[in-house]
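# Observations on the model geometry
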Amino acid sequence: FKEIGRIIFFLHEHDCTLLTHRDGTGYTPHTNEFLWINPCGVKNFFIYDETTGEEHMVNSKAAFFNDLDMHGGKPNSKMTWSLRVDGAFTDEFKKQLGIDQLTRY
C-alpha cells in the first residue's frame, strides 16, 4: 500500500449465511482498493455473477475484487473472521494484479 485507510474485522458466526450483497447502493465506476484477508482459510466466501447466477468461491487466504459486485458467504462449521484493509495500492502492486491500466474496477 501507498496509503492505508480503514481496517475492518468481520466476524462470521457458525451455521449462518452471509446475505448476498454489494458494498454500495448501486453499481458505479470506481477504484476502491482493498485486500480481503481470510487468515484461517475457513470462511466460505463467494463473488456472485449476476449474469450467470454462478457463485465463484474464493479459495484463497487473500483477495481483491470489485466490492460493488454481489458477494456473500455460506455457513461455516465454526465461527471465523476475516479482515478488510482499505488503502491505495502501489503502482508496482497494481501492475502485478493486472489493473495498472484500468480507470475503474
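Predicted model, so just to flag it, every value in this text is computed and none were measured.

Reading the values: the criteria
- Throughout this description, residue numbers start from 1 for each chain and increase along the sequence as written.
- A pLDDT threshold of at least 70 governs which residues receive local features in this predicted model, and a stricter bar of 80 or more applies before side-chain atom pairs are shown or counted, although totals over entire chains, interfaces and linings include all residues.
- Hydrogens and water are ignored here; the side-chain numbers use all heavy atoms of the structure.
- Per the convention used, a helix needs a DSSP run of H or I reaching at least four residues, while a strand needs a run of E reaching at least two, with both numbered from the N terminus.
- Here the radius of gyration uses the C-alpha set of atoms, whereas the globule reference equals 2.2 Å times the residue count to the power 0.38.
- Between two residues, a contact is recorded if the distance between any of their heavy atoms is within 4.5 Å.
- The method behind every accessible area is Shrake-Rupley, applied with a 1.4 Å probe, and residues are considered shielded solely by the protein chains displayed.
- Among buried residues, those of type Ala, Val, Leu, Ile, Met, Phe, Trp, Tyr and Cys that are joined through side-chain atoms within 4.5 Å constitute a nonpolar core.
- For every residue, the accessible area obtained with a 1.4 Å probe (protein chains only) is divided by the maximum for its type, and the residue is called buried under 20%, exposed over 50%, and partly exposed between those limits.
- In the analysis that follows, any N or O atom pair within 3.5 Å is treated as a polar contact, provided that within protein one partner can donate a hydrogen and the other can accept it, and provided that, for residues neighboring in sequence, both atoms belong to side chains.
- Every patch collects residues that have over 30% relative accessible area and no salt bridge, joining them within 9 Å if they carry like charges and within 5 Å if they are nonpolar side chains (Val, Leu, Ile, Met, Phe, Trp, Tyr).
- Counted as salt bridges are all cases of a side-chain nitrogen of Lys or Arg within 4 Å of a carboxyl oxygen of Asp or Glu.

Turning next to the overall build of the chain. A count of helical and extended segments in the chain gives one helix and eight strands. Starting at the N terminus and walking to the C terminus, you meet the elements of the chain as β-β-β-β-β-β-β-β-α. For 105 residues, the compact-globule formula gives about 13 Å, and the C-alpha radius of gyration of the chain, at 14 Å, lands near that figure. Along the first, second and third principal axes, the C-alpha atoms of the chain reach 40 × 30 × 25 Å. Here the contacts in the chain between residues at least 6 apart in sequence split such that 80% fall between residues at least 24 apart. Total accessible area on the chain is roughly 6700 Å²; 53% of this is exposed by carbon and sulfur atoms.

A few words on the nonpolar core. The biggest cluster of nonpolar side chains holds seven residues, and these are F34, W36, F45, I47, V58, A63 and F65. Within the residue set of this core, elements represented by two or more residues are β3 (34-37) and β4 (44-49). Leave out the neighbours within four places in its chain, and F45 touches W36, H56, M57, V58, F65, H71, G72 and G73.

Bringing the environment of S82 into the picture now. Mapped onto the elements of the fold, S82 is located in strand β8 (residues 80-88). Residue S82 is classed as buried on the basis of its relative accessible area, which comes to 0%. Considered as a pair, S82 and P29 are 53 residues apart in the sequence and their alpha carbons are 26 Å apart. Excluding residues that lie within four positions of it along the chain, S82 makes contacts with I8, F9, F10, W36, I37, N38, P39 and K43. Among the polar contacts listed, one links the side chain of S82 to the side chain of W36, at a separation of 3.2 Å.

A few words on a nonpolar patch on the surface. Where nonpolar side chains cluster on the molecular surface, the patch consists of F1, I4, I7, F9, L11, M79 and W81 and spans about 750 Å² of accessible area. Of all the elements, strand β1 (residues 3-12) adds the most residues to the nonpolar patch, at four residues. Take W81: it is sitting in strand β8.

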